Amino acid sequence: MTSGKRPADSNDVTRSSERVEHRVWAEIDLGSLVRNVDQVAGLLHPEGQLLVVLKADGYGHGAVPVSRALLDHPRVWGFGVGDSTEALEIIAAEISAPVLILGTIIENEVPQVVSHDIRVCIHSMDRIRSLEAEARRQGRRVKVHVMVDTGMGRLGAQIPRAKELARVVAESDVLVLEGLGTHPSSSRPGHPFTAVQLKRLETMRQELATLGIVPPLVHFSNTAALLEGTGVDLPLARPGISLYGILTGGLNPSSPFEPIMSLRTQVVYLKDMPAGSPVGYNGTYVTARPARIATLPVGYNDGLAYRLSNRGRCLIRGRSAPIVGAISMDYTTVDVSHIPGVSVGDTVTLIGDDGDQTITMAEIASMAGTIPYEIACSVGKRVRRVYHRPSKSQEPSATTSQDVTLP
């Protein structure tokens, strides 16, 4: 990985050792992130490197703080993003590591991609020609990765066409064929088609080699493939969800990966309501008996799925409290009748631990009828991110942290 001077935190970052006092905040443990990266790196061959996937603002965890935390990791080659906007955000933060756009780019993004030395995935001859023209205009060279469709059926060129794209790039005077990759269609370990896709990629790689075309970085493995050991001998892997410790079908509770995000809010209002009282929009919940209802300043705009109305839960004072009534844009109501001593200002856990109780993203996703990826990516912009960073004087696995709050 390219190393360099670690950029200073931006001026809008406030360091504080005091308790965080926000309406809604996400605590993100960067020490756990580093340990997750160590775990994933251990699945690769000794020379294998990682392209850390930062799509969707690092799956909602914050692409810039995540990339900064991993900038000096010896097994991290660079960072993968979804589009040029995400790439330029990393560049603007002075992250001195390769950035690869894993998706495609549109025509008006080409000039900035070229001028900022952003790596690009190639899917078509038209994009080769537009990159070549812009590179010549700027007097620069562009590193590209040819993407092959081995069965995903989304982006990527069909194998015969991909071979032609690779040949044209290899012969170009301004494009550099840095990589060759494909996208596994399964997000769950053990799917038999994953091995089929890898074999197709390897066959194409061998055919290119007979033409004297040898891309140095061949990549295939997402989290699911890594967990089943598929593609781990290739030079580069592209893990995403495992680095953030989000439990999916392939990451069960006994997994060594640690969830790194907790989502919290606080009680802002308490009301004792008689039996027969409707709660929330359209009266979808009516108290069956006298109840103490707590109002929380969090809603679906913050990432608390509307589908959790009358079925989700949170943790207060180490106990579970049910969500009652419809979740609105800015507020949620919960029944705390059974929890003694609840007060305005009490911390409420929506994701994470409180005492011996835990709410995982997988649990929330199951109740909301979606996938954990969506839960993480839905955490809204107005949710404050609070980063727990390992002390610089300690090893990456250290638990001592510095807290950094981002607005």
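Residues numbered from 1 in each chain as written. Predicted model: local features only at pLDDT ≥ 70, side-chain atom pairs only at ≥ 80, totals over all residues. Heavy atoms only, no water.

Q: So, the nonpolar core: which residues are in play, and what are the values?
A: Membership of the largest hydrophobic core comes to 116 residues, with the highest contact counts inside it found for Leu 54, Leu 70, Leu 131, Val 146, Leu 308, Ile 316 and Val 334. If one sorts the elements of this core by residue count, helix α1 (residues 30-41) sits on top with 6 residues. Ignoring anything within four residues of it in the chain, the contact list for Leu 131 reads Ile 105, Val 110, Val 114, Val 120, Ile 122, Val 144 and Leu 175. Met 273, Val 279, Ile 293 and Val 324 belong to the second-largest nonpolar core, a separate cluster that totals 5 residues. (Core = buried A, V, L, I, M, F, W, Y, C linked by side-chain atoms within 4.5 Å. Buried < 20%, exposed > 50% of the residue type's maximum accessible area, 1.4 Å probe, protein only. Helix = DSSP H or I, 4+ residues; strand = E, 2+ residues; numbered from the N terminus. Contact = heavy atoms within 4.5 Å.)

Q: Describe the pairing of strand β16 (residues 313-316), with residues and values.
A: As paired strands, β16 and strand β17 (residues 319-322) are joined by 4 bridges and run antiparallel to one another. Considered in β17, the bridge of Ile 316 is made with Arg 319. In textbook terms, the turn of a hairpin is the stretch between consecutive antiparallel strands, and for β16 and β17 this stretch comprises 2 residues, one of which, Arg 317, has a positive phi near 55 degrees. Of the strand pairs in this sheet, β16 and strand β19 (residues 347-354) are connected by 2 bridges, and their pairing is antiparallel. When the bridges of β19 are listed, Leu 315 appears paired with Thr 349. (Pairing = 2+ DSSP bridges.)

Q: Residue-level account of the sheet that holds strand β12 (residues 269-273), with values.
A: Spatially, the 3 strands line up as an open sheet ordered β12-β15-β18, and their pairing is antiparallel. What marks the edges here is a single partner per strand, and that holds for β12 and β18 (332-335). For this sheet, the mean inter-axis angle between neighbouring strands, taken without regard to orientation, is 30 degrees. Both strand β15 (residues 291-296) and β18 contribute to a ladder of 4 bridges, which runs antiparallel. (Axes fitted to C-alpha atoms, helices over the stretch in contact; angles between N-to-C directions.)

Q: Which residues make up the packing of helix α6 (residues 125-138) against helix α7 (residues 159-171), and what are the values?
A: α7 packs onto α6 with a crossing angle of 15 degrees between their chain directions and a minimal axis gap of 10 Å. With respect to their mutual orientation, α6 and α7 come out roughly parallel. Viewed along their axes, α6 and α7 form a crossing whose handedness is right-handed. Residues Met 125, Ile 128 and Arg 129 of α6 pack against Arg 161, Glu 164, Leu 165, Val 168 and Val 169 of α7. Of the residues that constitute the contact of α6 with α7, the class distribution is 5 nonpolar, no polar and 3 charged. (Parallel < 35°, antiparallel > 145°, perpendicular 65-115°, else oblique. Left-handed = near helix turned anticlockwise from the far one by under 90°. Nonpolar A, V, L, I, M, F, W, Y, C, P; charged D, E, K, R; others polar.)

Q: Explain the packing of aromatic side chains to me, and be specific about the residues and the numbers.
A: Overall, the coordinates contain 3 aromatic pairs when judged by the stated rule. Arranged with centres 4.9 Å apart and planes meeting at 35 degrees, the rings of Tyr 59 and Tyr 244 form a pair that is tilted. Placement of the pair is Tyr 59 in helix α2 (residues 55-59) and Tyr 244 in the loop between β10 (236-237) and β11 (261-266), with a sequence separation of 185 residues. Judged by relative accessible area, Tyr 59 falls into the buried class, the value being 9%. Note on Tyr 59 and Tyr 373: the rings are 6.3 Å apart at their centroids and 40 degrees apart in plane angle, and the pair reads as tilted. Here Tyr 59 is found in helix α2, whereas its partner Tyr 373 is found in helix α11 (residues 372-377), with 314 residues between them in sequence. Following the ring pairs from residue to residue traces out a cluster consisting of Tyr 59, Tyr 244 and Tyr 373. (Phe/Tyr/Trp six-rings, centres within 6.5 Å; stacked < 30°, edge-to-face > 60°.)

Q: Break down a nonpolar patch on the surface for me, citing the residues and quoting the values.
A: On the surface, a cluster of nonpolar side chains totalling about 280 Å² of accessible area is made up of Val 268, Tyr 269 and Tyr 331. Note that Tyr 331 resides in the loop between β17 and β18. (Patch = residues over 30% accessible without salt bridge, like charges linked within 9 Å, V, L, I, M, F, W, Y side chains within 5 Å. Areas by Shrake-Rupley, 256 points an atom, 1.4 Å probe, with all protein chains shown as cover. Salt bridge = Lys/Arg side-chain N within 4 Å of Asp/Glu carboxyl O.)

Q: Give a description of the confidence of the model for the protein that names residues and reports values.
A: Across the protein, the average pLDDT comes to 88, with 89% of residues at 70 or higher. This stretch, residues 1-18, has a pLDDT under 50; its non-local contacts, to residues over four places away or in other chains, come to 42 contacts. Contacts from residues 393-402, a stretch scored under 50 in pLDDT, to residues over four places away or in other chains number 20 contacts. (pLDDT = per-residue confidence, 0-100.)

Q: Any details on α6? Residues and values, ideally.
A: Counted at 1.5 Å a residue, the expected span for α6 with its 14 residues is 20 Å, and the 20 Å between its end C-alpha atoms agrees. Along α6, the positions that sit buried rather than exposed are Met 125, Arg 127, Ile 128, Ser 130, Leu 131, Glu 132, Glu 134 and Ala 135. Of the surrounding elements, those touching the buried residues of α6 are α5 (110-115), β6 (119-122), β7 (142-148), α7 and β8 (175-182). Two residues or fewer after α6 comes Gly 139, characterised by a positive phi angle close to 70 degrees. (Expected span 1.5 Å × (residues − 1).)

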